[in-house]
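Close look at the chain arrangement
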Amino acid sequence: MVTCHQDFVHRAVAYSTTDQLVEQVLPFLTRALDEDQQVIVNVASENVRALKQAIGDVGSRISWTDTYEWVPHPGRRLHALEELVSTPPSDGRELRFVGECAWPTGPGALMDEWNRFDAVLNHTLAGRAVDMLCAFNATRLPDTVLALAMASHPWLGGAADPPANAGFVPADRMLGDYDPEDLAVPAGAATAVVTTPGEARELMSRWLGELGTPTGRIDDTVLVMSELVTNSAKEQARTITVSHWATAHGFAVQVDDDGLGMADPLAGYRRAAGHAVSGRGLWIARQLADAFVVASRPGWTRVRFEMADVGASGHA
């Protein structure tokens with residue numbers, strides 16, 4: 001049995017119809033209102049409408065937001081949630097949050113990023129007095145995506161004392177289970193060896209400029225590239241290789257090095273403290289890239305990020 005209201009409770013429910021969603025979520029919301037807690041619902045617009053109708057007129061006691069309008073980017077939403085819970089209400093109320101990821105219509109890499117988001121929440125919000133129920137549409141999500149989504153939640157269902165999830169997979173295992181072939185550069189990719197961040201920035205600007213990439217996307221990509229090459233240098237890499245290729249929904253970039261490796265699979269998911277002298281680069285990169293994955297062992301590191309065209313991360 002889990003003791004709610006003292007630590008972060010991260011639970012999941014899967015639904016196939018709106019009625020099933022309401023059936024599972026309504027008791028959670030009703031209980032939160034009975035306990036006079038702070039309540040936020042952040043789900044797809046059609047689910048907002050269904051839940052509003054089911055619970056009736058509760059005035060401003062619930063804050064309703066559309067998941068495709070409130071920070072619909074996994075890296076930035078992770079930071080937004082951390083900021084949200086860092087300043088709890090002065091009246092001592094606790095937060096009850098019903099959430100639904102802003103699943104994209106685009107490639108699997110963008111869906112994978114939302115799965116990583118849910119896994120990392122267990123670390124980002126650890127120790128916070130938050131009870132979060134995450135809803136997953138089983139008819140829209142591929143089976144593999146749904147299975148990983150459910151596995152990232154320690155508890156299941158909306159009951160007052162939710163059952164433990166026997167299939168729960170901790171974030172360090174979910175994020176760190178890669179080998180070099182998982183991130184093999186595809187044939188035909190543009191590839192070059194660089195020695196400095198400046199050289200990498202110039203190379204990436206030229207590559208993207210030749211493709212007619214919008215200036216804002218070039219600036220973001222160049223900044224991410226610069227941070228990754230800087231990190232490779234800090235890890236004492238002797239050889240740094242950058243690769244770039246087009247995808248069906250934008251483009252991908254990869255940085256490979258032979259440095260010491262990154263031991264922490266959660267690196268870059270939490271913003272460095274104000275006094276920290278390092279650790280900001282990967283956090284900035286995750287805020288800008290649409291998908292970002294790291295595979296690392298002592299002696300090699302592969303970091304791949306993807307930038308989606310406008311619209312590729314829209315409503316699933």
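A short tour of the structure in this document, coming up. (Residues numbered from 1 in each chain as written. Predicted model: local features only at pLDDT ≥ 70, side-chain atom pairs only at ≥ 80, totals over all residues. Heavy atoms only, no water.)

Moving on to the sheet that holds strand β10 (residues 291-297). One open sheet holds the five strands; their spatial order is β7-β8-β9-β11-β10, and the pairing between them is antiparallel. At either end of the open sheet lies a strand with only one pairing partner, and these are β7 (190-194) and β10. For this sheet, the mean angle separating the axes of adjacent strands, direction not counted, is 15°. Relative to strand β8 (residues 240-247), β7 runs antiparallel, the two sharing five bridges. Looking across to β8, one finds that Thr191 is bridged to Ser243. Packed on one face of the sheet, helix α7 (residues 197-210) meets β7, β8 and β9 (250-257) and runs near 160° to β7. Against the sheet, helix α8 (residues 215-234) contacts β7, β8, β9, β10 and β11 (300-308), and its axis sits at roughly 170° relative to β11. (Pairing = 2+ DSSP bridges. Helix = DSSP H or I, 4+ residues; strand = E, 2+ residues; numbered from the N terminus. Axes fitted to C-alpha atoms, helices over the stretch in contact; angles between N-to-C directions. Contact = heavy atoms within 4.5 Å.)

With that settled, consider the sheet that holds strand β3 (residues 62-66). Taken in spatial order, the six strands of this open sheet run β3-β2-β4-β5-β1-β6, and their pairing is parallel. Looking at strand neighbours, the two that pair on one side only are β3 and β6 (155-156), the edges of this open sheet. Here strand β2 (residues 38-43) pairs with strand β4 (residues 95-99) via five bridges, running parallel. Across the sheet, residue Ile40 finds its bridge partner in β4, namely Phe97. Strands in contact with helix α1 (residues 18-34) are β1 (9-15), β2, β3, β4 and β5 (130-137); relative to β1, the strand with the most contacts, it is inclined by about 150°. Across the sheet, helix α5 (residues 143-151) lies against β1, β5 and β6, angled at about 150° from β1, the strand it touches most.

Let us look at the environment of Arg297. Assignment of secondary structure puts Arg297 in strand β10. Classification of Arg297 by relative accessible area gives partly exposed; the value is 33%. Distance in space between the C-alpha atoms of Arg297 and Tyr178 is 9.4 Å, their sequence separation being 119 residues. When sequence neighbours within four positions are dropped, the list of residues in contact with Arg297 reads Gly176, Tyr178, Leu260 and Gly261. (Buried < 20%, exposed > 50% of the residue type's maximum accessible area, 1.4 Å probe, protein only.)

For the rest of this paragraph, the subject is the packing of α8 against helix α9 (residues 280-288). Running from amino to carboxyl end, α8 crosses α9 at an angle of 150°, the nearest separation of the two axes being 9 Å. Here α8 lies roughly antiparallel to α9, going by the angle between them. The handedness of the crossing between α8 and α9 comes out as left-handed. Across the interface between the two elements, Arg217, Asp220, Leu223, Val224, Glu227 and Leu228 of α8 pack against Gly281, Leu282, Ile284, Ala285 and Leu288 of α9. Of the residues contributing to the contact of α8 with α9, the split by class is seven nonpolar, one polar and three charged. (Parallel < 35°, antiparallel > 145°, perpendicular 65-115°, else oblique. Left-handed = near helix turned anticlockwise from the far one by under 90°. Nonpolar A, V, L, I, M, F, W, Y, C, P; charged D, E, K, R; others polar.)

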